[in-house]
Amino acid sequence: MKIFTGIKPTNKLHLGNYFGALMPTIALQEEHEVLMMIADLHAITVPQIPAELKETILLTAATYLACGVDLQRTIMFQQSAVPAHSELAWILGSVAKMGELERMIQYKDKVTIKGESVSVGLFNYPVLMAADILLYQIEAVPVGVDQKQHLELTRALAERFNKDFGPAFLLPKPLISKEAAKIMGLDDPSIKMSKSAPNPKNYLGLLDSADEIATKIKAAVTDSEPTITADPNRAGVYNLLTIFSLASKRSIDSIAHEYQDQGTKKFKDDLTTAVIELLTPIQASITQHLANQTELIELLAEQSERARLIANKTLVKAKEMVGLLIG
Ligand code: TYM
């Protein structure tokens, strides 16, 4: 199977990104062909600081490597270094309908609900995402559940293009982890853990120090029941159990059973230890990769060239199909 995923290099990655997308994708690289993209063109659809973006792109590359991306098996590349993404997005933008983009949850949330003024890039965001995936003839896309609608649009655009112009694209499926589809915020378990959350106590960042992790887990919202039970209706406790389970590779039920009568404090202390044990080696490896920026930049350029060769084949085919003259 051919697998693709992408992460926006905005702020710092958190455990939701790790469990929802990074870990499941990396687990597939043993047996499948995998492409992992740094979605820097998506990152500029909202206001950002240019000098910081450069750093975050490198940090994201270092994070991919630290989390186990094996460049013998996986292509890890930078979206903006492969111009075919922008070109195919333009073509697909002529296939997509305004109404379908207006129905996208993230756009609707910002514009219709919050009344924000957004960039045209943000409106077109899902079309670029469709181009990302369709260029590589991908079968499965490991993502969190928040990206499901984008995958549905990707399939709809591919289907329409194939029907109107001929078979150019494979229809990709989302691969959504049952356990990690949506890791919730620690400060408010009714909303997802998010990089853009205003309260840093919402998320556990991959770069958080042991102290920060301890403080955030201590402050995590639970409920007034003293026992630990694996009840999805107890959103706060269930979210912590999910994180504990994913960090320690144990089942939710066995953890709930062990901590049932030990009190929330002991449960949170041991969860803190599990998260620190997971993140300590990753953090050390990120630091190591970042220490040699020149090497990292060269690596990204080399990897992006590999992606470019694959992407251009599909782009040329799509251009020919819509009737663009190719000299
Ligand atoms: P981004 O950067 O917002 O998130 C990266 C990945 O992390 C997942 N995720 C979560 N999973 C579980 N629980 C959470 N709380 C949580 N928060 C985030 C996201 O679902 C995503 O899989 N549009 C994409 C980037 C992208 C992309 C692509 C992805 C660009 N092109 C092509 C797949 C294929 C995004 O904003 O991801």
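Since the model is a prediction, treat every value here as computed from it, not as a measurement. (Residues numbered from 1 in each chain as written. Predicted model: local features only at pLDDT ≥ 70, side-chain atom pairs only at ≥ 80, totals over all residues. Heavy atoms only, no water.)

What to know about the overall build of the chain
For the chain, the count of helices and strands is 13 helices and five strands. Taking 2.2 N^0.38 as the reference for a compact globule, 327 residues should give roughly 20 Å; the C-alpha atoms of the chain span a radius of gyration of 21 Å, in line with that estimate. Projected onto the principal axes, the alpha-carbon positions of the chain cover approximately 70 × 45 × 40 Å. Burial statistics for the chain: of 327 residues in total, 48% are counted as buried. Relative to all contacts within the chain whose residues are 6 or more apart in sequence, the contacts with residues 24 or more apart total 74%. (Helix = DSSP H or I, 4+ residues; strand = E, 2+ residues; numbered from the N terminus. Rg over C-alpha atoms; globule rule 2.2 N^0.38 Å. Buried < 20%, exposed > 50% of the residue type's maximum accessible area, 1.4 Å probe, protein only. Contact = heavy atoms within 4.5 Å.)

Things to note about the pattern of salt bridges
Once their charged atoms are close, side chains differing in charge can pair, the charge on each being opposite to the other. Counted according to the given criterion, the structure contains 13 salt bridges. Residues Asp109 and Lys114 are paired through a salt bridge, measuring 3.1 Å at the closest nitrogen-oxygen approach. Exposure remark for Asp109: the relative accessible area of 27% places this residue in the partly exposed category. Of the residues examined, Lys114 reaches a relative accessible area of 52% and is grouped as exposed. Here Lys265 and Asp269 are joined by a salt bridge, their closest N and O atoms 2.7 Å apart. Within this pair, Lys265 and its partner Asp269 are both found in helix α12 (residues 263-291), separated by four residues, close to a single helical turn. In this structure, a network of salt bridges that share partners links the residues Asp223, Glu225 and Arg234. (Salt bridge = Lys/Arg side-chain N within 4 Å of Asp/Glu carboxyl O.)

Re the side chain of Gln79
Inspection of the secondary structure puts Gln79 in the loop between β3 (74-78) and α4 (84-93). Here the side chain of Gln79 touches Asp40 through a polar contact of 3.3 Å, landing on its backbone nitrogen. Here Leu41 takes part through its backbone nitrogen, which lies 2.9 Å from a polar atom of the side chain of Gln79. Among all residues touching Gln79, those that are not within four sequence positions of it are Met37, Ile38, Ala39, Asp40, Leu41, His42, His85, Leu128 and Asp132. (Polar contact = N/O pair within 3.5 Å; in protein donor to acceptor, adjacent residues only side chain to side chain.)

Section: the domain arrangement of the chain
Interface size is commonly expressed as the accessible surface area that is lost when the partners come together. Here the domain parsing of the chain yields domain 1 (2-181 + 293-322) and domain 2 (200-287). Put simply, the middle of domain 1 and the middle of domain 2, counted by C-alpha atoms, are 30 Å apart. Counting residues at the interface gives 15 residues for domain 1 and 15 residues for domain 2. Buried area between domain 1 and domain 2, both sides added, is near 1,300 Å², and the carbon and sulfur share of it is 83%. Taken as a group, Leu15, Phe19 and Ala66 account for 39% of the area that domain 1 buries against domain 2, more than any other trio of residues on that side. Where domain 1 packs against domain 2, one counts zero salt bridges. In this assembly, domain 1 and domain 2 are joined by two residue pairs in polar contact (both at pLDDT 80 or more). Looking at the side of domain 1 that touches domain 2, the elements that each hand over two or more residues are α1 (15-28) and α3 (50-66). When residues of the side of domain 1 that touches domain 2 are assigned to their parent elements, the largest contribution, five residues, is made by α1. Across the side of domain 1 that touches domain 2, the residue classes tally to 11 nonpolar, two polar and two charged. (Domains from an automatic or database assignment. Buried area = accessible area lost by both parts, 1.4 Å probe. Nonpolar A, V, L, I, M, F, W, Y, C, P; charged D, E, K, R; others polar.)

Notes on the environment of Lys218
Along the chain, Lys218 falls in helix α9 (residues 210-219). Classification of Lys218 by relative accessible area gives exposed; the value is 67%. For the pair Lys218 and Ala62, spaced 156 residues apart in the sequence, the C-alpha separation amounts to 29 Å.

Details of the nonpolar core
In this structure, Leu15, Tyr18, Phe19, Leu22, Ile243 and Val275 are the most contacted members of the largest nonpolar core, which totals 60 residues. Broken down by element, the residue count for this core peaks at nine residues, all from α3. Counting 42 residues, the second largest nonpolar core, distinct from the first, contains Ile75, Ala84, Tyr125 and Val141. (Core = buried A, V, L, I, M, F, W, Y, C linked by side-chain atoms within 4.5 Å.)

A closer look at unusual backbone geometry
Look at Gln137: it is not a glycine, yet its phi comes out positive at around 50°. As for its placement among the helices and strands, Gln137 is situated in the loop between α7 (120-134) and β4 (140-142). Even without glycine at this site, Lys249 takes up a positive phi of about 55°. Judged by relative accessible area, which is 69%, Lys249 ranks as exposed.

Considering the site of the ligand
Residues in close proximity to the ligand total 29 residues, the closest being Lys8, Tyr125, Asp132, Asp146 and Ile183. In this structure, Met193 approaches the ligand through a main-chain N or O atom, which is 3.0 Å from a nitrogen atom. The protein chains hide 98% of the 710 Å² of surface that the ligand would expose on its own. At the level of elements, β1 (2-7), α1 and α7 are the ones that each hand at least two residues to the shell around the ligand. Per-class residue counts for the shell around the ligand are 14 nonpolar, nine polar and six charged. (Near = heavy atom within 4 Å. Areas by Shrake-Rupley, 256 points an atom, 1.4 Å probe, with all protein chains shown as cover.)

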